[in-house]
Amino acid sequence: SIPLSFFAGIGGASRQGVLVKGSNYLETLAEVDTVVFDKTGTLTKGVFEVSAIHTDKLDADQLLHLAAHVERYSTHPIAESLRAAFGHEADGCSVEQVEEIPGQGIRAMVNGRQVHVGNEKLMETIGASWHECSHGLPGTTIHVALDGEYAGHIIIADVLKEHAKEAITALKKNGIRQTVMLTGDAMKVADKVAADLQLDTVYSQLLPQDKVAKVEELLAAQKTGKLAFVGDGINDAPVLSRADVGIAMGAMGSDAAIEAADIVLMDDDPLKISIAQRVARKTLRIVK
Ligand code: ADP
Ligand code: MG
């Protein structure tokens, strides 16, 4: 039977906006010494602003228009941001055969023409000769190809969540041994976020399956402590289930991530991880 104080612990966590799906997860959370984070939507807001557009074909407006159309049905934070930057309902065009390529981007037929929107990997996959004119701007470069030919790129930038820095500091104060970030984004963006937050380790340009492999590697290296993974996206579901404790963002997170998680942060605030861990440890001290 489950000791009564566990119910108090789960109740205490829920009053802080932390949904714990079972008393065993409180126990595991208390023993976590490694916290692995996804970047976009987890440590950063996942709301991108367009900072520059560079075109080889078409003009800047047309490039953004095409990208917004291809992204019409995607729930990826980048898709939502490109649609918002375009500013209008992406209507009037026929968009067919939409295919999202996890960790790379998306493709579709727009008015009968093949359009690809995504990162360098995607451009390399289709053999489009991409280049970059970022002029040292911070941000993620989203490339666009039209009928397999390189058309240009859009530079978009995200910002850290309000409490991201505080969240990492608080975890260190709890005695967390190791903080890690895994991302599909480019190295320059990933390294900047990791430096700003003083994370211990960062791995960039990972495909969803690479994230699973990294977490398995980190799990194998754990001695006594447990490993938590914190994520928000559809692609994070496999990693959330693999970790000792999976923590998902509840407000903006995908249904798949919320479903796969053991703990859900109702308000997407990463600072709540350290708060939940303190509740868990207090509960354990009462029980033991
Ligand atoms: P993260 O690990 O930061 O959460 P993802 O694994 O979801 O990011 O995506 C990794 C990269 O793949 C993005 O930085 C972007 O370059 C590209 N990408 C993924 N989905 C899309 C999309 N719908 N539109 C454009 N680019 C995308
Ligand atoms: Mg993500």
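A quick note: this is a predicted structure, and the numbers were derived from the prediction, not measured.

Counting its regular elements, the protein chain contains 11 helices and 13 strands. In the protein chain, buried positions account for 46% of the 288 residues. Excluding contacts between residues fewer than 6 apart, the proportion of contacts in the protein chain whose partners are at least 24 apart in sequence is 58%.

Before going further, it helps to spend a moment on the site of ligand 1. Around ligand 1 sit 23 residues in total, of which Thr40, His76, Gly105, Asn119 and Gly184 are the nearest. Elements with a minimum of two residues in the shell around ligand 1: α4 (77-86), β5 (105-110), β6 (113-118) and β7 (140-146). Its residues placed into classes, the shell around ligand 1 shows 5 nonpolar, 13 polar and 5 charged. Residues lining the shell around ligand 1 come from more than one domain, with at least three contributed by each of domain 1 (4-45 + 160-287) and domain 2 (49-157).

Right, let's get into helix α7 (residues 187-197). Val189, Ala190, Val193, Ala194 and Leu197 are the residues of α7 that are buried. Taken around the axis of α7, the buried residues stretch over an arc of 125°, which confines them to a single face. Exposed and oriented more than 90 degrees from the buried face of α7 are Met187 and Ala195. Of the residues trailing α7, glutamine 198 is marked for its positive phi of about 55°.

A separate point is the packing of helix α3 (residues 60-70) against α4. At their nearest, the axes of α3 and α4 sit 9 Å apart, and the two run at 135° to each other. Accordingly, the angle class assigned to the pair α3 and α4 is oblique. Here α3 and α4 pass one another in a crossing that is left-handed. Each of Leu64, His65, Ala67 and Ala68 in α3 lies in contact with α4, whose residues at this interface are Leu82, Arg83, Ala85 and Phe86. Counted by class, the contact of α3 with α4 contains 6 nonpolar, 1 polar and 1 charged residues.

Here we come to the nonpolar core. Core analysis: the largest hydrophobic core is formed by 53 residues, its most contacted members being Leu29, Ala228, Phe229, Ile247 and Ile263. In this structure phenylalanine 229 touches Val36, Val215, Val239, Leu240, Ala243, Gly246 and Ile247, once residues within four positions along its chain are discounted. Within the second largest apolar cluster, 26 residues are counted, among which are Ile53, Ile78, Val117 and Ile155.

Mapped onto the secondary structure, cysteine 133 falls in the loop between α5 (120-126) and β7. Residue classification places cysteine 133 among the partly exposed positions, given that 14 C-beta atoms sit within 10 Å. As for cysteine 133 and isoleucine 53, which are separated by 80 residues in sequence, their C-alpha atoms are 9.1 Å apart.

Along the chain, glutamine 209 falls in helix α8 (residues 208-221). Linking glutamine 209 and proline 102, residues 107 residues apart in sequence, is a C-alpha distance of 9.4 Å.

The pairing of strands in a sheet comes from backbone hydrogen bonds and takes either a parallel or an antiparallel form. Pairing is mixed across the open sheet formed by 7 strands, whose spatial order is β1-β13-β12-β11-β2-β9-β10. A single partner strand is all that each edge strand has here, and the edge strands are β1 (18-20) and β10 (201-203). Taken pair by pair, the neighbouring strands of this sheet meet at an average axis angle of 20°, ignoring direction.

Domain assignment breaks the protein chain into domain 1 (4-45 + 160-287) and domain 2 (49-157). Each of domain 1 and domain 2 has a C-alpha centre, and these two points are 30 Å apart. Each side of the interface is counted separately: domain 1 has 12 residues, and domain 2 has 8 residues. Looking at side-chain class alone, the side of domain 1 that touches domain 2 contains 5 nonpolar, 5 polar and 2 charged residues.

Turning next to the environment of histidine 163. Along the polypeptide, histidine 163 turns up in the loop between β8 (149-157) and α6 (164-173). If we ignore the near neighbours within four places in the chain, the residues touching histidine 163 are Asp269, Pro270 and Leu271.

A word on α8. The end-to-end C-alpha distance of α8, which contains 14 residues, comes to 20 Å, matching closely the 20 Å that a straight helix rising 1.5 Å per residue would cover. Here the buried face of α8 lies against β2 (32-38), β9 (178-182), β11 (226-231) and α9 (237-242).

Here we come to the pairing of β2. Summarising burial for β2: 6 of the 7 residues are buried, a large majority. Here β2 runs beside β11; their pairing, made up of 5 bridges, is parallel. Bridge assignment links phenylalanine 37 to a residue of β11, and that residue is valine 230. Two elements, β2 and β9, share 5 bridges in a ladder whose sense is parallel. Each residue of the ladder has a partner; that of threonine 34, found in β9, is glutamine 178.

Each value, and the rule that gives it
Residues numbered from 1 in each chain as written. Chains lettered and ligands numbered in written order. Predicted model: local features only at pLDDT ≥ 70, side-chain atom pairs only at ≥ 80, totals over all residues. Helix = DSSP H or I, 4+ residues; strand = E, 2+ residues; numbered from the N terminus. Buried ≥ 20, exposed ≤ 12 C-beta atoms within 10 Å, placed from the backbone. Contact = placed C-beta atoms within 7 Å. Near = placed C-beta within 6 Å. Nonpolar A, V, L, I, M, F, W, Y, C, P; charged D, E, K, R; others polar. Domains from an automatic or database assignment. Arc of directions from axis to C-beta. Axes fitted to C-alpha atoms, helices over the stretch in contact; angles between N-to-C directions. Parallel < 35°, antiparallel > 145°, perpendicular 65-115°, else oblique. Left-handed = near helix turned anticlockwise from the far one by under 90°. Core = buried A, V, L, I, M, F, W, Y, C linked by C-beta atoms within 7 Å. Pairing = 2+ DSSP bridges. Expected span 1.5 Å × (residues − 1).

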